[in-house]
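Examination of the molecular architecture
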Amino acid sequence: MEILYKSTRSDSTPITASRAILKGLAADGGLFVPTAIPKLDVSLKELSDMSYQETAYRVMRLFLTDFTEEELRTCIDRAYDDKFDTKEIAPLKEVNNAFYLELFHGATIAFKDMALSILPHLLTTSAKKNGVKNEIVILTATSGDTGKAALAGFADVKGTKIIVFYPKNGVSPIQEKQMVTQKGDNTHVVGIHGNFDDTQTGVKKIFSDKALAKEMEEKGFQFSSANSINIGRLVPQVVYYVYAYANLLRQGKIKEGETINVVVPTGNFGNILAAYYAKNMGLPIGKLICASNDNKVLFDFFESGVYDRNREFFLTSSPSMDILISSNLERLIYKIAGEDHDKNAALMEALSQKGVYEITSDMRDKLTDFAGGYASEEQCFAIIRKVYEETGYVMDTHTAVAASVYEDYKKNSKDETKTVIASTASPYKFTRSVMKAISEKYDAMGDFELVDELSRISKTPVPNAIEEIRTAAVLHDTVCEKEEMESVVKKFLGV
Ligand SMILES: *Cc1c(COP(=O)(O)O)cnc(C)c1O
């Protein structure tokens, strides 16, 4: 079955997967969605014998139907290789009766690597397939993790340049150091005076500027996105849910067909949407539990049917979830609106004009797959400490939000379904917060002293990604106001 991609906001002609990957965002500002969610065409039993790479092929081929087998396998082999520090790519750890799906074994030790190590290959393959001669300029807004993962993925990839914007005071010291030390002649990193939403809004504005696009075209450039709105990000993320299920089956932890729940620490709603797509493909998933931090706009949405971004914005110790506009939620809204693009467009217009929209009760009825929860800073620290003390396992602050929400969910619902917790970052990426959660005595230690202490107490080796930046030189020092983003882009490109 051929799958095409259409916009969530208007009745435009559906396009192939490779063209949707090249475009990133639809011309009308909408997101690309598949014309249908394909069904898994191999049994779970068969999948349970497959490697990560083979599973990736079996899942992705169903979505990216205009890629040849050779093209897709080449992309997969280049992405999921020894950049990952484990052959399993996404191992599952059983801790305290939950299964932590560790998505942080890639180059930058956060789950963004799962998609961003393959996106550059999908993108350059898509360019070749469609006869694109322009150089592709990746523009990315990051709340911390996407930026470095995108930089690492695109660095020195021929025919591409990448410009990453981040909120200057909204990322962790290690996240910032990881980005500003990035090598590669085609990489640029810029700090913005503002928060993540300002940064993301600025990037979206550049994307939708038609005059600028024309100017770029004349100079032989075209923009594309590495943000989680690109379907080339979303599709690779479906893979690890299928792989996790197959892994549970292989280990005899579940029976074939048994339902599992998943808990996902959520920001832009990309990761949990991928789990929802996996469920729609036929993977036996029961509840999709959406975990938020103090920026609980999604929790309130699932409770009330009202999405309201007009609220105080908190900087938390899980910065990659400090988001008030969850872009990928639009794909779910479109789906529960009965794939009615006008209805979705009206809601998104309300969000952009007033910062708030309310869905109908019919739409709410279609949200029963989801449960929402949130964890305060105290709860997040408490669970890191508790799980460490009970088991020796150390989790990062984002994963802790999910673990805490899961604990509450289980207590309130009495739902004992076996559960996978998406573990989205290595504790080494947020060492200071993690160690502070474990004991106040670590407050006085320096960043890298803490890294060594974490290694000692968790009995895990310091990841390469951290070793690398201990001594690396700062190569990027541009900082600008949010109004200056476009001129900074032009300057980098010499336009
Ligand atoms: C990006 C990120 C998230 C949020 O994922 P979304 O797909 O944006 O919902 C959670 N945790 C970490 C560590 C991240 O980097």
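Each chain has its residues counted from 1, running along the sequence as written. Whole-chain, interface and lining totals are the exception, using all residues; otherwise, since this is a predicted model, local features are given only for residues with pLDDT of at least 70 and side-chain atom pairs are given and counted only at 80 or more. By convention in this description, side-chain values take in all heavy atoms of the structure and omit both hydrogens and water.

1. Considerations on the overall build of the protein
Our working rule: Secondary structure is summarised from DSSP: a helix means a run of H or I of at least four residues, a strand means a run of E of at least two, and numbering begins at the N terminus for each. Only protein chains enter the accessibility calculation, which uses a 1.4 Å probe; a residue whose area is less than 20% of its type maximum is buried, one above 50% is exposed, and one in between is partly exposed. By definition in these notes, contact holds between two residues if any of their heavy atoms fall within 4.5 Å. For this count, His and the chain ends are skipped, Lys and Arg are scored as positive, and Asp and Glu as negative. Where a charge lies is defined by one atom per residue type, namely NZ (Lys), CZ (Arg), CG (Asp) and CD (Glu).
Along its length, the protein carries 22 helices and 15 strands. Dimensions of the protein, computed from C-alpha atoms along their principal axes, come out at roughly 60 × 50 × 45 Å. Among the 495 residues that make up the protein, the fraction classed as buried is 60%. For the protein, restricting intrachain contacts to residue pairs at least 6 apart in sequence, the fraction spanning at least 24 positions comes to 75%. Mean positive and mean negative side-chain charge positions of the protein (59 and 69 charges, respectively) differ by 2 Å.

2. A closer look at the environment of K210
With respect to the element layout, K210 can be found in helix α10 (residues 210-218). C-alpha separation for the pair K210 and A27, spaced 183 residues apart in sequence, amounts to 9.5 Å.

3. With respect to the site of the ligand
Convention followed: It suffices for a single heavy atom of a residue to lie within 4 Å of a molecule or strand for the residue to be listed as near it. Here a polar contact is recorded for every N or O atom pair within 3.5 Å, except that within protein the pair must consist of a potential hydrogen donor and a potential acceptor, and residues adjacent in sequence are included only if both atoms are side-chain atoms. Computed by Shrake-Rupley with a 1.4 Å probe, the accessible areas treat only the displayed protein chains as cover when residues are assessed. When residue character is reported, Ala, Val, Leu, Ile, Met, Phe, Trp, Tyr, Cys and Pro are called nonpolar, Asp, Glu, Lys and Arg charged, and the others, Gly included, polar.
The local shell around the ligand holds 15 residues, among which K112, D145, G267, N268 and T424 are the closest. Backbone polar atom of N268 to an oxygen atom of the ligand: 2.7 Å apart, as the coordinates give it. A distance of 2.9 Å separates an oxygen atom of the ligand from a polar backbone atom of N271. Considering the ligand on its own, with 380 Å² of exposed area, one finds that the protein chains cover 97% of that surface. Split by residue class, the shell around the ligand holds 5 nonpolar, 8 polar and 2 charged.

4. Digging into the nonpolar core
The tendency in soluble globular proteins is for nonpolar side chains to be buried side by side. What counts here: Here, nonpolar core refers to any group of buried Ala, Val, Leu, Ile, Met, Phe, Trp, Tyr and Cys residues whose side-chain atoms link them within 4.5 Å.
Within the largest apolar cluster, 114 residues are counted, with the highest numbers of intra-cluster contacts made by Y5, L64, Y241, F269, I333 and Y357. Top element by residues in this core is helix α11 (residues 231-250). It accounts for 14 residues. In this structure, Y357 is in contact with F301, G305, V306, Y307, L329, I333, L347, M348, A350 and L351, ignoring residues within four places of it in sequence.

5. Some words on the sheet that holds strand β4 (residues 98-102)
Whenever strands of a sheet pair, they do so through backbone hydrogen bonds, lying parallel or antiparallel. The condition is simple: When DSSP finds two or more bridges between two strands, those strands count as paired. Between the N-to-C directions of two axes lies an angle of 0 to 180 degrees, each axis being a line fitted to C-alpha atoms and, for a helix, fitted only over the stretch in contact.
Reading across from one edge, β3-β4-β14-β9-β10-β13 is the order of the 6 strands in this open sheet, with mixed pairing throughout. Each edge of the open sheet is held by one strand with a lone partner, namely β3 (92-95) and β13 (370-374). The average angle at which neighbouring strand axes cross in this sheet is 25°, direction not considered. Across 5 bridges, strand β10 (residues 285-292) lies against β13 in parallel orientation. Looking at the pairing, L288 lines up with F370 of β13.

6. Here's the deal with the pairing of β10
Burial of β10 is extensive: 7 of the 8 residues sit out of reach of the surface. Two strands pair when backbone bridges link them, and strand β9 (residues 260-265) and β10 are joined in this way by 5 bridges, in the parallel orientation. Residue pairing in the sheet places I260 in a bridge with I285 of β10.

7. Focus: the packing of aromatic side chains
Remark: the centre distance and the inter-plane angle together describe each pair of aromatic rings, the angle taken between the planes. Short version of the rule: The criterion for an aromatic pair is that two Phe, Tyr or Trp rings (for Trp, the six-membered ring) have centres within 6.5 Å, with stacked assigned to planes under 30 degrees apart, edge-to-face to planes over 60 apart and tilted to the rest. A positively charged side chain is recorded as over a ring if its NZ (Lys) or CZ (Arg) lies within 6 Å of the ring centre. The angle to the ring normal must also be within 35 degrees.
As enumerated under the stated definition, the model contains 16 aromatic pairs in all. When the ring of Y80 is compared with that of F84, the centres are 5.7 Å apart and the planes differ by 50°; the resulting orientation is tilted. Comparing Y80 with F84, the two get one shared label, buried. Chaining the aromatic ring pairs together yields one cluster made of F269, Y276, F301, F302, Y307, Y357 and F370. For the cation-ring pair, R73 lies above Y57, with the distance from its terminal atom to the ring centre recorded as 3.8 Å. One Lys or Arg, K296, reaches over the ring of Y374 and ends 5.1 Å from the middle of that ring.

8. Let's talk about the sheet that holds strand β8 (residues 221-225)
Taken together, the 5 strands give an open sheet; going across it, the order is β8-β5-β6-β7-β15, and neighbouring strands pair in parallel fashion. At either end of the open sheet lies a strand with only one pairing partner, and these are β8 and β15 (478-481). Pairwise comparison of adjacent strand axes, ignoring direction, gives a mean angle of 30° for this sheet. Judged from the 6 bridges that link them, strand β5 (residues 135-141) and strand β6 (residues 160-167) form a sheet pairing that is parallel. Residue pairing across strands places I138 opposite I162, the latter belonging to β6.

9. A closer look at α11
For clarity, the cut-off: Helix span is expected to be 1.5 Å times the residue number reduced by one.
For α11, which comprises 20 residues, the first-to-last C-alpha distance of 29 Å matches the rise-based estimate of 28 Å (1.5 Å per residue) to within 8%. The backbone nitrogen of G232 has a side-chain oxygen 2.7 Å away, supplied by the residue at the start of α11, namely N230.

10. Quick word on helix α9 (residues 196-207)
Between the first and last C-alpha of α9 there are 17 Å, a value that for 12 residues agrees with the 16 Å anticipated at 1.5 Å per step. Its side-chain oxygen placed 3.0 Å from the backbone nitrogen of D197, N195 serves as the N-cap of α9.

11. Here we look at the pattern of salt bridges
Put simply, the rule reads: Salt bridge criterion: a side-chain nitrogen from Lys or Arg within 4 Å of a carboxyl oxygen from Asp or Glu.
Considering all chains together, one arrives at 25 salt bridges under this definition. The shortest N-O distance in the salt bridge between K83 and D81 comes to 3.0 Å. Residue classification places K83 among the partly exposed residues on the basis of a relative accessible area of 36%. Across the salt bridge formed by D452 and R470, the nearest N and O atoms sit 2.8 Å from each other. Here D452, found in helix α20 (residues 447-458), pairs with R470, found in the loop between α21 (464-469) and β15; they are 18 residues apart in sequence, far enough to count as distant. For R470, a relative accessible area of 24% translates into the label partly exposed.

12. Some details on the packing of helix α14 (residues 329-336) against helix α15 (residues 341-354)
Stated formally: Angular relationships are summarised with four words: roughly parallel below 35 degrees, roughly antiparallel beyond 145, roughly perpendicular across 65 to 115, and oblique for the angles in between. Left-handed describes a crossing in which the near helix is turned anticlockwise from the far one by less than a right angle; the clockwise case is right-handed.
One can describe the packing of α14 onto α15 by two numbers: an axis separation of 8 Å at closest approach and a directional angle of 135°. The angle between α14 and α15 falls in the class oblique. Seen along the crossing, α14 lies across α15 with a hand that is right-handed. Here E330, I333 and Y334 of α14 come into contact with α15, specifically with H341, N344, L347 and M348. Considered class by class, the residues forming the contact of α14 with α15 number 4 nonpolar, 2 polar and 1 charged.

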